[in-house]
Amino acid sequence: MGDLFDIGKAGISAYKSSLAATGQNIANVGTEGYARRDASIEEITVASADVLTISKTSGLGVRMGGITRAFDQFLDLQLQNASSSFSFSKSKSEILNRLENVLIPKGATVGTRIGEFFDGINSLAQDPSDMNLRTLALTGAKAVSREISQLHSGLSDLRTLTHDTLSLAAGEFNTNLRNLSNIQNEILGNANKSGPPNSLLDKRDSLLSNISQLADISVEYHKNGGVTVSLGKFGEVATLLEGNSFNEISFKTDDHGIKSYLNGPNGNLSSIHFSSGQLAGLVSADNLTGKTISEVNALAQKFVVEMNSIHRMGLDLNGDRGTDLFSLDSVSVQKAAANRGDSSLRVEGFNDSLVGSKLQLIFNAEGGSWSVSSSNGESIPNFVSRLELGELSILAEGQPKNGDKFFIEVTDTSGADMAVLISDASKLAAAGLHFVEPDIKNSGSSNLNIGYFNESTPLGISNLQSLFSETRNAANPVSFNSLGVLGVIENVGSIEELSMLKSQSSLRIFTDITQLSSSDQLSVTLNSTNYTFNISSVFDDLDTTNDLAEILNNGAIVSNSSLKSFRDLGLHAVASGSSFVISSAAQASNSNFPALESGSLGGVSGILAREDTGLSDLSVFTKEGIQISGKTLSQDEVTSYLTRENGFSSEAIYRANYLPTSSNEGFSGANVTRKTTEGLDVISLSGAGFPDSINNNVSVYASNAFPTNRTQLVGPVSVTTASGRSASVTFESGMMAGQIAKNLSTGLSSLGISATASNLVELSGIANGLVEFELVGNNLSTVQISTTVSNGSHAGLISQINSFSDATGVKAYSSGNSGVILEHVDAGDIALKTVNLDSGVGISVNQLDRFGDRMLTNSKTLSDGQHLVIGGNVQMKSTSDFTASYNGNNLNSTNSAFDMGFSSKSFDIENDHTDISFYANYKLDSGYADASNINVVSSASKYSLTLSDPVFGNLESSFVPQKADEFSTGVISSNLASNLRDLATSTVFFGDTFDLTDGFPSDGSQIQFSIGEQTYTATLNIDDDVQVQGTNVIVGTNTYSGSAGLSELISSSKFVVTGPEADRLTVNFESDSSGIRLTATANNGVVSGHGITYSSSNTSQTAADFHISNTSKTEIYSKYFAQNISSNNDIGSLMIGDTEYDLSFNTSNNTVVLKTGSLPSWMSFSTEVNPNVATQIRVKVVVNDDPARDKNIRIKSNAVSKNYGISTISAQVIASNDGLRISNIGDQRVRSSVAVNSLASEVLSIDGMRGEDLIFISSGTRNPLAIGEIKTATTSETREYSIEVNKADPTSIDIYDFQSGHIVGTRSIASDNNTTFQGLSLDFDGAVAGGDAFKVLVSTNADDASNLNNMLDTSLSNNQTGVGGYAEIFGNIVSSTGAEIQANQQTLESNQVAYQLAVDIKNEFTGVDLDTEAARLMEQQQAYQALARVLTTARELLDTLLRSM
Amino acid sequence: MTISTSGFYQKNIDLFSRLNNEVSDLQVQVSTGKKSLSLKHDIQDISLLNASEEHKLEITQFKSNAEQIVSDLERIDISFEQLQNASVRLKEMHIESSNGFLTSEERKLFQIEIAGIKEEILSIANGQDALGNGYFSGTSVVAKPFEINNLGEVNYVGSAVNKTLQVSRSSDLRQNFSGREVFLSAGSGNEKFSIFEALDEFSRSLDHNMPSGVSSNLLSNGAAVDVVLPASGQMNEYKFDLSANGALYNIKAHVYGNDFNGLVAAINAHTSASGITAVVSSANKIRLSGNGIDLKISNFVTDLPNTTDQSIGVQKTVGSNTNDEIILPVSLSNLAVQNKLHNVFEHFISKRTELGVASSTAQNFVNSTQNTLVDLSEDISKIEDADMAELLTKLQELLTNKEAAQATFSRLSSKNLFDFMG
């Protein structure tokens, strides 16, 4: 019975607990995270009964087995995954929904605005001058700008929202993680045998659910109720929670996107990646937003760049060039939060070069200025209140405090800042900058449409721009490591003296001052000769070896025995540290100095780097393959160099047509001057054939023999260049020199060879009397020339010839004393028919070349009754060697130093003199060390001039400039002239002897003297404290008389001489025992042998003042010569005008006498013994002064004169800052030649290049060394073109620069009738025919709509140029974004279903269902009631039993 | 399957929310008459709609351009009618002046009338519309595209390019004419000439009684004849046809510095065929010899600038200094003038036809673009406009669904086991 009670009691107790569990379930029916509890009741079996248990078949009732929590790990994990995925899509969807609203708002989109913009442009195209339409078009532009800006702002705002949301979500994630960690601690701390409390597990699972919504996690459940939480799959990403430790997450957001990190225990951050959950959804949405912003920016930039590019190529209503229409520029200013002052910063304008950079401005109170640092490393000066950075102005206002900061960011790519720059509608560049004018004779049916685009530059091409600057000199040149294509310089405006340098030998000795002693020597071996320099005399002054180098360079130490200085030997030294370097000017091309072979300093031997004798030539090309400088290339070189990889256009064609072969003539209007020391290669021929030595250009025909046919070129001239190119030129019957030259220039242009022609004929020795002839030039009917020459004047003859110049094409100029030069202006033939000379004296005839030199060694004589025919002279010129053949004759080109050489020569035909100038550059040849004294070059320049008198020999002079101020044509000319004069005769003028009683010229008196053509004025300057009173001279307070007075007066009287040349004349007073006299000395002598004369322009008062009378005299002296030289009866002549008095020398009595005749009484000559060398004598000529006398008195040399101290030529030489002028005397013509040596092999200068990209190529055998300066074009000049469809191949077009007519490129239009060229798109809209021509000209029509049409063309994308298609691009942005949105929506929907399913499944397992609980309640209630009945029954049974007892 | 009570409620809440949203969306569509297009569901329609609207905008402009062209060309057509009339009169005058019995005074009268017509044509050429746009100035804005100088030479200072407007993506049509193509480009191929120069040549040809570009038989007086050529100066090109017994030989040579040997060589190059031999007889005379040959010179062309030097003299009596005959340059011959005037007439007709074609084409574009616009509007409407019947049907369905769901929920949620417990 006891058991029954126990059964009932236990049952009641058990079901009471069950009821409590059910009640708990019912109570928590709506509790979030609550898992249903199940009470388990189990039987109390016998086995577990005590020993008193009776029955073995019935148990002892029930007991509460436990209350279990509904939990299924799989279901939870499934729910976590589904929840994570759903949250990912949902959070992303929320952002993308907003993105859609921003991208395609109600009303209008960017695409709509772009369409409206083009709509406005199209309307304006109907009448471009309509201001209303212009305003509407501008409004459309503003609408586009505004819409893009708003879109950008909307997207940026969305990004900010996303970032904020992400920040909140990250906080939530970390909070949940922290809470979970706390719960885990409780779970692990409260665990008992029956496990942790279910409520903690509910909280745990609820937090895990929350976390799984935020991120993709993996959860590992442990038996003790703890969990390990990982991000992503276990161990693959990171562990978030394990045991008691957990790691929070963090995000960094900026314009470039979001980066996520796991915060390590030590504060270290490690990158992590979320693949699912809300956080990942937000990151993914942000990426899409960022991508959309980038695409919008790209669209904005493309739109702005392309529209601006077109707009700039248009003209506004005022006819002005279009400017930028849109802007993306932005300069943002940010003030540091910690600033203490009240200053503010204002910016104006924009600077393209600063784009992408950030500036930091910090105020320095001590200096009172702002210091600026730039993120791009550019050095920017400090400023106080205003800073100008190009067109960007920064203005600081207010009162800053020390350390105050501002940040300035310069960008140009953000659509947010898009704006329209033009507010005046008339500034809209509607008219095309170019317009196309088809040639009227075009037979094709096509028009040419012009468009514009930004041409991209190929990558990988070396940009030489920064290499060339004015700071370089010969010692620190740009040193290229290889030959071939050196690189490109874009947008070239000018090139200044780009010089290719030769190599020099150098000796490097490694020693320093501490290793030297005063007894040491410098020893150098030059050309097998040893030169030793003792350093003992200067050793004590040496601090460094460079001091020694400078002393050697200055010439303070000379070689021991030969007494040669470094300069004499062509050496130059420099030292730095332990490096002592000597360079030598001796080169293969310069034998003036001995070659450097070895050397030592203080016993330390040097290491010799020998001169590299290899050649290194520079060629300059346009990207289209047009060579504008250098030597012509071989076909192999062309194939190798002209490639796309080297920077050339893919359709580049090699052309040598524009190689300059004369100064200031270059490609496409640029002045290209290429100089070499040797000058151009030239071959000369005539209208009758070549060479000149066999031609009969100057033909004199006997009476009645005037030819009926001209001698002329009858066959082709074949030319072959050194690079292996050849061409043959044929000539039409009758062509003369001028036409032959044109024909040659045309036919040989592809070889880089040009031709020029001239026809200059010298007629000299025309005697007085009637001169008649029929002149024939271009005229059909002969022109009768008839004039009488009298007194040697040919003015009438010249005048008469020139009166017919229009008909004949022949001009006449005065030549020498008795001559005339005839010039055919077109280099045609000149004929003189039936010459009638009354005098009977024949005329000397010679042909002059373009420099005025005689071409025939011996002039021909044209006699009375004869005829003369002269053809012209032709010169073919090239920068390279070439050969020519004609009619079996072959000629090799020779160098002409005056044709694009370091010297130039011109013949002034009107004034009958020749001018020579010199090019010199101290940066090349002045002897330089680099900044660090490591490298040095020795001055290698030398200028030599030879004046050749065809009969009387040569005068030679040379000058070696070394100091910087010596490198000018003026100084070089002056020195050359001085050297020449030193070789010739000298002359002095003496006034009359007088004393003070005769009077003394007053202060400021002037007197003039003549030396040949030159006139000099001498002004007397007497010191202010000197006075002449009678015969006394008062100096200050002292009075002098007699010889003492004269001496004082002379020393106080100085003449200041002014005239054509400085230091040419010295004027002073000299005294002797009989008094004083005026002397005037021609310094350095006179090359023509003339004497100095008292100028006829002086007044009689001047003569009286300075005591000049007919007893004054001019003396002319020869050089001293050895009196033992053999006798000769003609050692030279005394010339009085044209009258010649020959001198003879008799060595037996050392006398010089007249060969025949006698001199006038006012002229005499004698010999003088050299006071220093008694065995030498000279000739002295004395001429008494007479203002009316012929001043053309001189000593003239002959072939042997030089041996007798007489070296003159028949020309006067005048030096000026512009160069040398050579004026012939009489009828002579002196030839002149020069030789120049320089360290440079060539010097290239280009001016007026219109922004061409130039490619530089070096050929030869030596790596190039170069210096020079290259400047980019500052303003882009709009080019005009003429375009011709190739006649032979109508699928290609040739493009010419319109102004110069030079071809600038060739393009194929074979593919689809269009092509591009240098930023222009060329579109032929119909069938073209060979020979069709189109002019592409700069327009002046402001009412034209062609630029609008170019804009309209961009409404669609151009497949070839990639320009345009903006609305389509925006559509693509919408589509690609839309596709993402759509895809996410679909994912969201499927994830939602999966999530709901997971929720349902879990709910099914863990959720509370009231019906179920009600049923259980009823069950448990009934069981409880039944058990109570059991107890009652048991009690009744017991009562019954008791009652029965 | 069991569902928890709270889950049951949550599911129903979600269901009602979704139904409400859908109903709300339908209401908006019904009220606006426009479909609710979203990138989530209608990306293709949105793309199509954008493209269609863009196209419509473009076509609208094309239509406007075409209408403008039709209007502009109609005005210019009046000028062409006047030009055509003038050219007819010129042809008539040429026929009238071509008889050999006119006195110099009568020819003078013709020259006066030619001058008048020249002025009239010049006036038309400088015509403008009410806005000051030149009919024949092309894209230029100059007020008068044609200028006449004191010598009577007419120069064009307008643009060689006519104004165009785009009427389709691939087609531009002319809005006006360039003066160069109308007045300076008569003739065909490489033989284009100026209308004004043609008038001048017509007038100059009347200076001669019998302007002929073809000589008589040069050898009619013997076996040799001297032909006197104008001086070449530095260089000149001589070009003429030599007709020997009807066979034509093209002679062309450059003469340099009056050296006529090159020209002689060019003639003698045909000697074997022509039977004519040339020699330089003196200076600028070439003696042509041949026996019994009917020799004529025609089509003489020279580019010598001075008109007084532009003719060839023929001295049939060798040695005589008298010019027996003058051969004018081909450009001044009666036939050449006649051809040119005919070409002028044809040219104006051709240009007027061009105008008509352009105008007609523009009108066609007006019509076709109109049709396209209608089609586009329909397409846009199909995409954009809501189908009311469909919307209302769907709305009804949704409302029914919602009602049923609410009823079911209400019914289901109104009773559970607890209600039956005592």
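Residues numbered from 1 in each chain as written. Chains lettered and ligands numbered in written order. Predicted model: local features only at pLDDT ≥ 70, side-chain atom pairs only at ≥ 80, totals over all residues. Heavy atoms only, no water.

## Description of the overall build of chain B
Counting its regular elements, chain B contains nine helices and 12 strands. Taken against the 2.2 N^0.38 rule, which gives 22 Å for 422 residues, the C-alpha radius of gyration of chain B at 42 Å runs more than 25% over that of a compact globule. Each principal axis of the C-alpha distribution contributes one length, and for chain B these read about 160 × 45 × 35 Å. In chain B, which comprises 422 residues, the proportion classed as buried is 46%. Sequence separation of at least 24 residues holds for 65% of the intrachain contacts in chain B that already meet a minimum separation of 6. A total of about 20500 Å² of accessible surface is found on chain B, and carbon and sulfur atoms cover 51% of it. (Helix = DSSP H or I, 4+ residues; strand = E, 2+ residues; numbered from the N terminus. Rg over C-alpha atoms; globule rule 2.2 N^0.38 Å. Buried < 20%, exposed > 50% of the residue type's maximum accessible area, 1.4 Å probe, protein only. Contact = heavy atoms within 4.5 Å. Areas by Shrake-Rupley, 256 points an atom, 1.4 Å probe, with all protein chains shown as cover.)

## Observations concerning the sheet that holds strand E64 (residues 1032–1035) of chain A
Residue and element names in this part refer to chain A. Taken in spatial order, the three strands of this open sheet run E63-E64-E65, and their pairing is antiparallel. A strand with exactly one partner marks an edge of an open sheet, and here the two such strands are strand E63 (1026–1029) and strand E65 (1038–1041). The sheet shows a mean angle of 25 degrees between the axes of neighbouring strands, taken without regard to direction. As defined by bridge partners, E64 adjoins E65 across four bridges and the pair is classed as antiparallel. Residue pairing in the sheet places asparagine 1032 in a bridge with serine 1041 of E65. (Pairing = 2+ DSSP bridges. Axes fitted to C-alpha atoms, helices over the stretch in contact; angles between N-to-C directions.)

## Here we look at the environment of A:Lys90
With respect to the helices, strands and loops of the structure, A:Lys90 is situated in helix H2 (residues 73–103). As for A:Lys90 and A:Thr175, which are separated by 85 residues in sequence, their C-alpha atoms are 21 Å apart.

## So, the packing of helix H3 (residues 110–126) of chain A against helix H19 (residues 1366–1406) of chain A
Residue and element names in this part refer to chain A. Running from N to C, H3 and H19 point in directions that differ by 175 degrees, and their axes come no closer than 9 Å. With respect to H19, the element H3 is oriented roughly antiparallel. Listed contacts from H19 to Val110, Gly111, Ile114 and Phe118 of H3 are Tyr1366, Ala1367 and Phe1370. By residue class, the composition of the contact of H3 with H19 is six nonpolar, one polar and no charged. (Parallel < 35°, antiparallel > 145°, perpendicular 65-115°, else oblique. Nonpolar A, V, L, I, M, F, W, Y, C, P; charged D, E, K, R; others polar.)

## Observations concerning the pairing of strand E87 (residues 1314–1317) of chain A
Residue and element names in this part refer to chain A. In terms of strand pairing, E87 meets strand E88 (residues 1320–1324) through four bridges, oriented antiparallel. Its bridge partner lying in E88, phenylalanine 1317 is registered against leucine 1320. In this antiparallel pair of consecutive strands, E87 and E88, the connection spans two residues, and glutamine 1318 shows a positive phi of 45 degrees.

## Here we look at the packing of aromatic side chains
Per the counting criterion, the structure on display carries 45 aromatic pairs over all chains. Taking the centre distance of 5.9 Å and the plane angle of 25 degrees together, the rings of B:Phe183 and B:Phe196 count as stacked. Separated by 13 residues along the polypeptide, B:Phe183 in helix H4 (residues 179–183) and B:Phe196 in helix H5 (residues 195–205) bring together distant segments of the chain. By relative accessible area, B:Phe196 is classed as buried at 1%. Taken together through their ring pairs, the aromatic side chains of B:Phe80, B:Tyr135, B:Phe136, B:Phe146, B:Tyr156, B:Phe177, B:Phe183, B:Phe196 and B:Phe348 make up a single cluster. Its guanidinium or amino end placed over the ring of A:Phe706, A:Lys833 lies 4.7 Å from that ring's centre, counting from NZ or CZ. Positioned above the aromatic ring of B:Phe177 is the side chain of B:Arg174, whose terminal nitrogen or guanidinium carbon lies 4.0 Å from the ring centre. (Phe/Tyr/Trp six-rings, centres within 6.5 Å; stacked < 30°, edge-to-face > 60°. Lys NZ or Arg CZ within 6 Å of the ring centre and 35° of its normal.)

## Side note on the interface of chain B and chain A
The interface of chain B with chain A comprises 62 residues on the first partner and 67 residues on the second. Together, the buried faces of chain B and chain A total about 5500 Å²; carbon and sulfur atoms form 52% of this surface. One can count two salt bridges joining chain B with chain A. If you look at where chain B meets chain A, you find 19 residue pairs in polar contact (both at pLDDT 80 or more). (Buried area = accessible area lost by both parts, 1.4 Å probe. Salt bridge = Lys/Arg side-chain N within 4 Å of Asp/Glu carboxyl O. Polar contact = N/O pair within 3.5 Å; in protein donor to acceptor, adjacent residues only side chain to side chain.)

## Some points on the pattern of salt bridges
All names here are of chain B. Under the definition given, this model contains 64 salt bridges over all chains. Between lysine 340 and glutamate 201 there is a salt bridge whose closest N-O contact spans 2.6 Å. In this pair, lysine 340 is assigned in helix H8 (residues 334–384) and glutamate 201 in helix H5, connecting sequence segments 139 residues apart. Exposure remark for glutamate 201: the relative accessible area of 11% places this residue in the buried category.

## So, the sheet that holds strand E80 (residues 1231–1237) of chain A
All names here are of chain A. In spatial order, the strands read E59-E58-E80; together these three strands make up an open sheet with antiparallel pairing. Whereas interior strands pair on both sides, the edge strands pair on one side only; in this sheet they are strand E59 (953–959) and E80. Neighbour-to-neighbour, the strand axes of the sheet open up by a mean angle of 15 degrees, direction not taken into account. Of the strand pairs in this sheet, strand E58 (residues 942–949) and E80 are connected by seven bridges, and their pairing is antiparallel. Considered in E80, the bridge of serine 944 is made with alanine 1235. Helix-sheet contacts for helix H15 (residues 969–983) involve E58 and E59, and the interaxial angle to E59 is about 135 degrees.

## Section: a negative patch on the surface
A contiguous patch of negative charge, built from A:Asp1312, A:Asp1323, A:Asp1325, A:Asp1353 and B:Asp172, is present on the exposed surface. The partly exposed category is assigned to A:Asp1312, whose relative accessible area is 47%. (Patch = residues over 30% accessible without salt bridge, like charges linked within 9 Å, V, L, I, M, F, W, Y side chains within 5 Å. Lys, Arg positive; Asp, Glu negative; His and termini not counted. Charge placed at Lys NZ, Arg CZ, Asp CG, Glu CD.)

## So, a nonpolar patch on the surface
Side chains of A:Leu1441, A:Leu1442 and A:Met1445 sit close together on the surface and give an oily, nonpolar patch of about 350 Å² of accessible area. With respect to the element layout, A:Leu1442 can be found in helix H20 (residues 1410–1443).

## Comments concerning the pairing of strand E83 (residues 1265–1272) of chain A
Consecutive residues of a regular strand have side chains that alternate between opposite faces of the sheet. Residue and element names in this part refer to chain A. With two bridges connecting them, strand E23 (residues 478–479) and E83 associate as antiparallel partners. Paired with valine 478 across the strands is alanine 1266, a residue of E83. One ladder, built from six bridges, connects strand E24 (residues 484–501) with E83; its direction is antiparallel. What sits directly across from serine 494, in E83, is lysine 1271.

## Remarks on the environment of B:Leu332
Residues and elements named next belong to chain B. Along the polypeptide, leucine 332 turns up in the loop between strand E12 (325–327) and H8. Judged by its relative accessible area of 7%, leucine 332 falls in the buried class. Note: C-alpha distance between leucine 332 and aspartate 200 (132 residues apart in sequence) is 9.8 Å.

## Some remarks on the side chain of A:Ser1088
All names here are of chain A. Looking at where serine 1088 falls in the secondary structure, it is placed in the loop between strand E68 (1075–1082) and strand E69 (1092–1094). Accessibility expressed as a relative area gives 1% for serine 1088, which makes it buried. A polar atom in the side chain of serine 1088 sits 2.6 Å from the side chain of histidine 1090.

## What about the packing of helix H3 (residues 104–125) of chain B against H5(B)?
All names here are of chain B. H5 packs onto H3 with a crossing angle of 175 degrees between their chain directions and a minimal axis gap of 10 Å. One way to sum up the angle between H3 and H5 is to call them roughly antiparallel. Between H3, through Gln111, Ile114, Lys118, Ile121, Leu122 and Ala125, and H5, the contact on the second element is made entirely by Ile195, Phe196, Leu199, Asp200, Phe202 and Ser203. Here the residues of the contact of H3 with H5 are counted per class, giving eight nonpolar, two polar and two charged.

## Observations regarding H20(A)
Relative to the 50 Å expected for 34 residues at 1.5 Å per residue, H20(A) spans 47 Å between its end C-alpha atoms, a close match to the ideal helical length. Of the residues making up H20(A), those classed as buried are A:Leu1410, A:Glu1413, A:Ala1414, A:Leu1417, A:Gln1420, A:Ala1423, A:Leu1427 and A:Ala1434. (Expected span 1.5 Å × (residues − 1).)

## Some remarks on the domain arrangement of chain B
Domain boundaries in chain B define domain 1 (56–206 + 336–370) and domain 2 (224–327). Measuring from the centre of the C-alpha atoms in domain 1 of chain B to the corresponding centre in domain 2 of chain B gives 39 Å. (Domains from an automatic or database assignment.)

## Quick word on the confidence of the model for chain A
On average, chain A scores 87 in pLDDT, and the residues at 70 or more come to 96%. Confidence drops under a pLDDT of 50 for residues 49–54 of chain A, and excluding neighbours within four residues, the segment shows five contacts in the predicted structure. (pLDDT = per-residue confidence, 0-100.)

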